[in-house]
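A look at the structure
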Amino acid sequence: MSMARCAYTLLSYLLLPYALLHLVVRGRKQPAYLRHVGERFGFYALTPAKAVIWLHAVSVGETRAAQPLVKALRKAYPEHQILLTHMTPTGRETGEQLFGEGVLRCYLPYDFPQAVKRFLLHFKPVAGVLLETEIWFNLIHLCKRANIPLYLVNARLSEKSAARYSAFRNLVGAGLKELTAVAAQTESDAERLRALGANTVQVTGNLKFDIRPPFFALELGRELRSNFGARPVFLAASTRVGEEELVLQAVSAANISGLLSVIVPRHPQRFDEVAALLERRGIRFQRRSEEKAAANDTQVVLGDSMGEMFAYYAACDVAFVGGSLLPLGGQNLLEACAMGKPVLIGPHTFNFADASELAVQAGAAERVQDAAALGLALKILFADEQKRKKMGEAGRAFCAAHQGATQKILNLIRF
């Protein structure tokens, strides 16, 4: 074992108590964190019946991004089973919603050598695929040693993340060199990965452009819109800590007659937190989970549900995509564009820099700098139906023009 990976492994073991404490703390709000704990250490009851192609999608966003690739792999290799691994319960639940019993699912173990060995010996994958920025150094090395082709796909690496990784150049470079190949989202991502030591890097585009809204989501969207009534509807999607307050300020400043705002927090453990905020501010609200039509005096619907983002987009007139008003990096705006909705984003989109900038250039999205600017943009858009329609059409065209990553990645995978 190299000195760098030895130090990394030792640090991993030293952090084990923190990892266990993290499970306990998160388990208080999300009991699912306390289920399947053995899997996090490489112990599995699940046994595959066929040869396994394994994909790792850490949480919700990566699992959704994996959807077109999973579909393509199942079609190309019907004699194999797809194993989808996650690190969060919400990622696992999203996998179940998207794929049902069509794929196997479990947690990927923590990156301890013995736990990883147990995982690989149990499932014996013929190939592995890591999505986006999942770089686990013992996992990569042990796959290399076991002659398991391992790919990093839909890879993205912001300047900020690249700077952090460069502080551990020996460890990171050795890990990236042991990958079979890397499929980067953009040339900028590819350049940063090459600078850190990755060898075989191709630019294949973003899988998220290839995601199609499921039929049930469109049907559910029509149902939601019917429940919302004949009112203008504003969606604040995937909001993060501190953003709901800013969104409410913007809505108040816009002062749009009859407006119904739908707020969908990014993380389900925050649903009650946002409900408490609405109560403190005296805002009349309903929860999506109540499954009833919005009352005439309801100001906000709290989207406390999982796996329904396409339906929320289908049901709104204008969408703001969260994680972007505060320096959190932004969330995926492509689903809103694909649904033909005018999109507003904040100034902080470094996690989706290229997609966000291209969407703005295409006229599918507008960038606002703060809550005041968001309020003004809402006022303008809700007063101009033609502008909303034009932005929506630009969003659909933008997504269609950038499709094709799935096939390029499929062509890359060999075993």
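Note that the structure is a prediction, hence the values are computed from the model and not measured. (Residues numbered from 1 in each chain as written. Predicted model: local features only at pLDDT ≥ 70, side-chain atom pairs only at ≥ 80, totals over all residues. Heavy atoms only, no water.)

**A short note on the overall build of the chain**
A tally of helices and strands in the chain yields 18 helices and 14 strands. Against the 2.2 N^0.38 benchmark of 22 Å for 415 residues, the chain shows a C-alpha radius of gyration of 22 Å, consistent with a compact globule. Expressed along its principal axes, the backbone C-alpha trace of the chain runs to roughly 65 × 45 × 40 Å. Across the 415 residues of the chain, 56% fall into the buried class. For the chain, contacts bridging at least 24 residues in sequence account for 68% of all contacts bridging at least 6. As displayed, the chain offers around 17900 Å² of accessible surface, 55% of which is attributable to carbon and sulfur atoms. In the chain, which carries 49 positive and 37 negative side-chain charges, the distance between the mean positions of the two groups comes to 5 Å. (Helix = DSSP H or I, 4+ residues; strand = E, 2+ residues; numbered from the N terminus. Rg over C-alpha atoms; globule rule 2.2 N^0.38 Å. Buried < 20%, exposed > 50% of the residue type's maximum accessible area, 1.4 Å probe, protein only. Contact = heavy atoms within 4.5 Å. Areas by Shrake-Rupley, 256 points an atom, 1.4 Å probe, with all protein chains shown as cover. Lys, Arg positive; Asp, Glu negative; His and termini not counted. Charge placed at Lys NZ, Arg CZ, Asp CG, Glu CD.)

**Topic: the sheet that holds strand β10 (residues 285-287)**
Pairing in this open sheet of 7 strands is parallel, and the strands run β10-β11-β9-β8-β12-β13-β14 from one edge to the other. Of all strands in the sheet, those bounded by a partner on one side alone are β10 and β14 (365-367). Ignoring strand direction, the axes of neighbouring strands in this sheet form an average angle of 20°. Direction of pairing for strand β13 (residues 343-345) relative to β14: parallel, over a ladder of 3 bridges. Bridging across to β14, leucine 344 finds its partner in glutamate 366. Where helix α15 (residues 353-361) meets the sheet, its contacts fall on β13 and β14, and the angle it forms with β14 comes to roughly 105°. (Pairing = 2+ DSSP bridges. Axes fitted to C-alpha atoms, helices over the stretch in contact; angles between N-to-C directions.)

**Some words on unusual backbone geometry**
Outside of glycine, negative phi angles account for most residues, and trans bonds account for most peptide bonds. A positive phi angle is found at asparagine 147, which is not glycine, with a value near 60°. Here asparagine 147 lies in the loop between α6 (137-145) and β5 (150-155). When its relative accessible area of 68% is taken as the criterion, asparagine 147 is described as exposed. Unlike most non-glycine residues, glutamate 291 shows phi in positive territory, near 50°. By relative accessible area, glutamate 291 is classed as exposed at 62%.

**Some points on the sheet that holds strand β2 (residues 80-86)**
In space, the 7 strands of this open sheet follow the order β3-β2-β1-β4-β5-β6-β7, with parallel pairing throughout. Among the strands making up the open sheet, the edge pair consists of β3 (104-107) and β7 (201-203). Taking the axes of each pair of neighbouring strands and ignoring which way they run, one obtains an average angle of 20° across the sheet. Two elements, strand β6 (residues 181-184) and β7, share 3 bridges in a ladder whose sense is parallel. Each bridged residue has a counterpart across the sheet, and for valine 182 the counterpart in β7 is valine 201.

**A closer look at the packing of helix α11 (residues 243-254) against helix α12 (residues 271-280)**
Look at α11 against α12: their axes get within 10 Å of each other, and the N-to-C directions meet at 40°. In terms of their interaxial angle, α11 and α12 are classed as oblique. Remark: the crossing between α11 and α12 carries right-handed chirality. Listed contacts from α12 to Glu244, Glu245 and Leu248 of α11 are Val274, Leu277 and Leu278. Along the lines of polarity and charge, the residues of the contact of α11 with α12 split into 4 nonpolar, no polar and 2 charged. (Parallel < 35°, antiparallel > 145°, perpendicular 65-115°, else oblique. Left-handed = near helix turned anticlockwise from the far one by under 90°. Nonpolar A, V, L, I, M, F, W, Y, C, P; charged D, E, K, R; others polar.)

**Notes on the state of the cysteines**
According to the stated counting rule, one finds 0 disulfides in the structure shown. Left unpaired, cysteine 316 is separated from the closest cysteine sulfur, that of cysteine 337, by 11 Å. For cysteine 316, a relative accessible area of 1% corresponds to the buried category. A disulfide-free cysteine, cysteine 337 has its sulfur positioned 5.1 Å from the sulfur of cysteine 399, the nearest such atom. (Disulfide = S-S within 2.5 Å.)

Purely spatial values, then, with no claim about function.
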